[in-house]
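Geometric and topological summary
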Amino acid sequence: MGGAHVAVGIFSQSGASADSLAPHGVPMAQGVLRPNPSAVPVQPHGRDHNHTHAIARNSGRALEMDWVDEIRINLSAAERRVASLPGRRTVKKDAQAAWLLKAITCIDLTTLNGDDTTERVKRLCAKARAPLRGDLLAALGFAGRGLHTGAICVYHRFVATAVEALDGSDIPVAAVSTGFPAGLIPHDLKLKEIEASVNDGAQEIDIVITREHVLTGDWRALYAEVRDFRAACGAAHLKTILATGDLKTLRNVAKASMVCMMAGADFIKTSTGKEGVNATLPVTLAMLRMIRLYEERTGFKIGFKPAGGISTAKDVLNYQFLMKEELGRDWLEPELFRIGASSLLADIERQLEHHVTGRYSAFNRHPVG
């Protein structure tokens, strides 16, 4: 990443086997998965406001316009890089089951619909506590292991309901905020919404930025906005949604990512799920390169959350592979990787049932709330 410009180009890496990419669930015989004793325990962000996280929280820094102005994107190289991924990285059988079990622990199980109800949120929380059927967990050697999703993500109205439903589970509640999804309400109301969700028990806040600041190149305004959001969050972790489908170019995505991290974001997130185009692998590559650069310059590790359109096990594996290749093993854990999804869990459960039984079942056997 040296030189005058920061370019997203082809990342050279020697070929690696599927085993070299395996997460800390190591395949064994008969489909049983054994944890690697060297693994850092999974500690999702925001278990409680006094929790000491294994990863130092990003404190932010002064806005460095030189860091923003030097960013360049090689679009064709980025597209070639991600296009080659499915052909180079595949995992099968026990190894695939290990990856998919790891993916479950990183899902922000989400319901953000206009017809959401208290009972729907309660059912979703129950699914977060027990995301995989007991017979499948037993067949995979995970009976009694306490597998659960990374978080539950809801509108502010349902934060208190989710907090109560998840009491004692160690699963944090994330609230979308700041006028989600458009983010066009007055700034003072955005801050009040954040504060209200934190007061109701949200331990993570997924905010939307003002896209106009990016589209007009007003990076100082974006920085000031996100700094205010970070201050309003207090001990709750801040996930900044860039709404990448609205930002037009990968250069805008990369610059917005860097500004939000300098402003103190704990995570950068692709999308609300409501845009015409949501998470994509080229956008992900651009954002991961900025995360890597920010860590090189500051020492802080920033989390990443793709959201919107990730609905199949095949989809999520590609995101996991890219995370591992670009940022390393730490970014496969829920402290640094979350997947915003509503229907993904059902397909993962279906694929794991096929792994255990050799048969695919209907989706209605795997309800998600």
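Counting restarts for each chain, with residues numbered from 1 along the sequence as it is written. Under the rules for a predicted model, residues below a pLDDT of 70 receive no local features and side-chain atom pairs below 80 are neither given nor counted, while totals for whole chains, interfaces and linings still include all residues. Just so you know, side-chain values use all the structure's heavy atoms and leave hydrogens and water out.

Our working definition: UniProt positions are given in the numbering used here, feature names are shortened, and annotations may be inferred rather than shown by experiment.
Where an unreviewed UniProt entry is consulted, the protein appears under the name Deoxyribose-phosphate aldolase, with the organism given as Bradyrhizobium denitrificans. UniProt annotates the protein under Sequence similarities (unreviewed entry) with the comment "Belongs to the DeoC/FbaB aldolase family. DeoC type 2 subfamily."

**Digging into the pattern of salt bridges**
Counted only if it meets this: What makes a salt bridge here is a side-chain nitrogen of Lys or Arg within 4 Å of a carboxyl oxygen of Asp or Glu, nothing more. Secondary structure elements are taken from DSSP: a helix is a run of H or I of four residues or more, a strand is a run of E of two residues or more, and numbering for both begins at the N terminus. A 1.4 Å probe rolled over the protein chains alone gives each residue an accessible area, and that area as a share of the maximum for its type sets the label: buried under 20%, exposed over 50%, partly exposed in between.
Applying the stated rule across the entire model yields 28 salt bridges. Across the pair R289 and E326 runs a salt bridge, and its minimum N-O distance is 2.5 Å. Residue R289 is located in helix 12 (residues 281-298), and its partner E326 is located in helix 13 (residues 313-327); the two are separated by 37 residues in the primary sequence. The burial state of R289 is the same as that of E326; both residues are buried. Each member of the salt-bridge network shares a partner with another, and the members are D108, E204, D206, K239, K269, K305 and R338.

**Some details on the side chain of T111**
Cut-off, in case you're wondering: We call two N or O atoms a polar contact when they sit within 3.5 Å, provided that within protein one can donate a hydrogen and the other can accept it, with sequence-adjacent residues counted only if both atoms are side-chain atoms.
Of note, T111 is situated in the loop between strand 5 (107-110) and helix 5 (118-129). With a relative accessible area of 6%, T111 lands in the buried category. Only 2.6 Å separates the side chain of T111 from the side chain of D116, close enough to count as a polar contact.

**Some words on the packing of aromatic side chains**
Put simply, the test is: Side-chain rings of Phe, Tyr and Trp (the six-membered ring for Trp) are treated as a pair once their centres are within 6.5 Å; stacked means planes under 30 degrees apart, edge-to-face means over 60, and tilted covers the remaining angles. Only when the NZ atom of a Lys or the CZ atom of an Arg is both within 6 Å of the ring centre and within 35 degrees of the ring normal do we say a charge sits over the ring.
Applying the stated criterion across every chain, the model contains two aromatic pairs. An angle of 90° between the planes, with centres 5.0 Å apart, marks the rings of W99 and F321 as edge-to-face. Highlighted residues: W99 in helix 4 (residues 93-104) and F321 in helix 13, separated in sequence by 222 residues. Each member of the pair, W99 together with F321, is buried. Pairing Y155 with F180 gives two aromatic rings, centres 5.9 Å apart and planes at 75°, and the pair type is edge-to-face. In this pair, Y155 is assigned in the loop between strand 6 (151-154) and helix 7 (159-165) and F180 in the loop between strand 7 (173-177) and helix 8 (187-199), connecting sequence segments 25 residues apart. Sitting over the face of the ring of F142, R145 holds its NZ or CZ atom 4.3 Å from the ring centroid. Sitting over the ring of W67, R297 keeps its end group 4.8 Å from the ring centre.

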